[in-house]
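# Coordinate analysis (summary)
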Amino acid sequence: MMSVKLYDRNPRYIPRIAAVHDMCGYGKCSLTAAIPILSAAGCDVCPVPTALFSAHTNYPVFTMHDTTPILNGYLDAWQQEDVALDGVYSGFLGSADQVALIERLYHDYPNALRLVDPVMGDGGNMYATYTEELCKAMGRLANGADILMPNLTEASILTGRDYVGQNIADAQIDETLQALLDLGAKNVVLKGIDHNDGYLRNYIVNAEEGVSAKTECKHEKLPFMIHGTGDAFASSLIAAVMAGRDMTEAAQIAGEFVRHSMINTQYQPDFERRGVSFELNLGDLTKLVQLD
């Protein structure tokens, strides 16, 4: 596979990324992951909050406020201030109507990278606040995505394929990757393949070379799970891309950042639900852009 590099970083320039995600008061994910992780790698993060949650949806009790009605005015103000963007990074959405808001950002900022983490579910299940309508609308963002980063559940929803678990054969991996490319994505990172051999695998492919040239990144599997690892992975992968790393290197950096952060997280109370405690590992991302 050729080295796909999406961004040439001027070492003294700070790229600006619109992060279109929800904000959770408790349970670190979405914006509370994207803002510190991208900032640590020298990016200016401009939040577009799609919903306000008291806690993420893995908690039995949470409140949600859908911000859709305010967002067009929010983006109008950006236009009036002539805000410039180098990337649009989308994740968890509060309603199907918000897909059109992301498409508006694509129209307003045609040169910005389109960075899509199609957050819809995990383990074969959709998240509690998601609907069939929202999942169908989310599929529109795959077409033209510079990076599309689904897990296997999300890949199944996007492509209309049955979810058969995380231990899928090589032929199924190739078929899934091809189906995602057929949606119009330029680069795909398929996350979370588990062959029960002590490793988790992610696969990277680009539309120009096709599935036969895919690359694999594998990381040691830890004996516990933590909520929010997907958000931390996507944010750190984008951080590495915006630091000028190629796609395969960025995916490897992101996987190891998440693994190292999980090791520190296990010592925190309620660690499986509270989210990835990556604070002690942010310096690893700052090293990517540190000036001499």
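My aim in this report is to walk through the structure given alongside it, one point at a time. (Residues numbered from 1 in each chain as written. Predicted model: local features only at pLDDT ≥ 70, side-chain atom pairs only at ≥ 80, totals over all residues. Heavy atoms only, no water.)

## Describing the overall build of the protein chain
Within the protein chain, the regular secondary structure consists of 10 helices and 11 strands. Computed over the C-alpha atoms, the radius of gyration of the protein chain is 18 Å, within 12% of the 19 Å expected from 2.2 N^0.38 for a compact globule of 292 residues. If you line up the protein chain on its principal axes, its C-alpha atoms span 55 × 45 × 40 Å. Across the 292 residues of the protein chain, 56% fall into the buried class. Long-range pairs, those at least 24 residues apart, make up 70% of the contacts in the protein chain between residues at least 6 apart in sequence. Accessible area of the protein chain: about 12,500 Å², with a carbon and sulfur share of 49%. (Helix = DSSP H or I, 4+ residues; strand = E, 2+ residues; numbered from the N terminus. Rg over C-alpha atoms; globule rule 2.2 N^0.38 Å. Buried < 20%, exposed > 50% of the residue type's maximum accessible area, 1.4 Å probe, protein only. Contact = heavy atoms within 4.5 Å. Areas by Shrake-Rupley, 256 points an atom, 1.4 Å probe, with all protein chains shown as cover.)

## Some points on the nonpolar core
One finds Trp 78 and Leu 148 to be the most contacted residues of the largest nonpolar core, which totals 50 residues. Per element, the largest residue contribution to this core is five residues, and it comes from helix H3 (residues 98-108). Not counting residues up to four positions away in its chain, the partners in contact with Leu 148 are Val 116, Pro 118, Ala 142, Leu 158, Leu 180, Ala 185, Asn 187, Val 188 and Val 189. Formed by 49 residues, the second largest nonpolar core is a distinct cluster that contains Ala 34, Met 247, Phe 257 and Leu 285. (Core = buried A, V, L, I, M, F, W, Y, C linked by side-chain atoms within 4.5 Å.)

## Description of helix H7 (residues 229-242)
End to end, H7 covers 20 Å across 14 residues, agreeing with the expected 20 Å (1.5 Å per residue, within 8%). Just beyond H7, the residue with positive phi is Gly 244, at close to 95°. (Expected span 1.5 Å × (residues − 1).)

## Concerning the pattern of salt bridges
Taken as a whole and judged by the stated rule, the model has 17 salt bridges. One salt bridge in this structure joins Arg 140 and Glu 103, with 3.0 Å as the shortest N-O distance. In this pair, Arg 140 is assigned in the loop between helix H4 (132-138) and strand E8 (147-148) and Glu 103 in helix H3, connecting sequence segments 37 residues apart. For Glu 103, a relative accessible area of 29% puts it in the partly exposed group. Close ionic contact of Glu 220 with Arg 259 constitutes a salt bridge, the shortest N to O distance being 3.5 Å. With a gap of 39 residues between them, Glu 220 in strand E11 (residues 215-220) and Arg 259 in helix H8 (residues 247-265) connect regions that are remote in the sequence. (Salt bridge = Lys/Arg side-chain N within 4 Å of Asp/Glu carboxyl O.)

## Things to note about the side chain of Asp 86
Mapped onto the secondary structure, Asp 86 falls in the loop between helix H2 (68-80) and strand E4 (87-90). For Asp 86, which is buried and forms no salt bridge, the nearest opposite charge comes from Arg 16, at a distance of 6.5 Å. (Lys, Arg positive; Asp, Glu negative; His and termini not counted.)

## Description of the environment of Lys 191
Mapped onto the elements of the fold, Lys 191 is located in strand E9 (residues 187-194). Exposure remark for Lys 191: the relative accessible area of 9% places this residue in the buried category. Spatially, the C-alpha atoms of Lys 191 and Asp 44 are 26 Å apart, while their sequence positions differ by 147 residues. Within the local environment of Lys 191, its side chain forms a polar contact with the side chain of Asp 117, the two groups lying 3.4 Å apart. Of the polar contacts made by the side chain of Lys 191, one reaches the backbone oxygen of Met 149; its length is 3.1 Å. (Polar contact = N/O pair within 3.5 Å; in protein donor to acceptor, adjacent residues only side chain to side chain.)

## Things to note about the side chain of Ser 235
On the secondary structure map, Ser 235 appears in helix H7. Its relative accessible area of 0% is what places Ser 235 among the buried residues. For Ser 235, the contacting residues outside a window of four places in its chain are Ala 33, Ala 34, Ile 37, Leu 38 and Tyr 89.

## Brief notes about the environment of Asp 197
Assignment of secondary structure puts Asp 197 in the loop between E9 and strand E10 (199-206). In this structure Asp 197 comes out as partly exposed when scored by relative accessible area, which is 40%. For the pair Asp 197 and Ser 235, spaced 38 residues apart in sequence, the C-alpha separation works out to 27 Å. In this structure the side chain of Asp 197 is engaged in a polar contact, spanning 3.2 Å, whose partner is the backbone nitrogen of Tyr 199.

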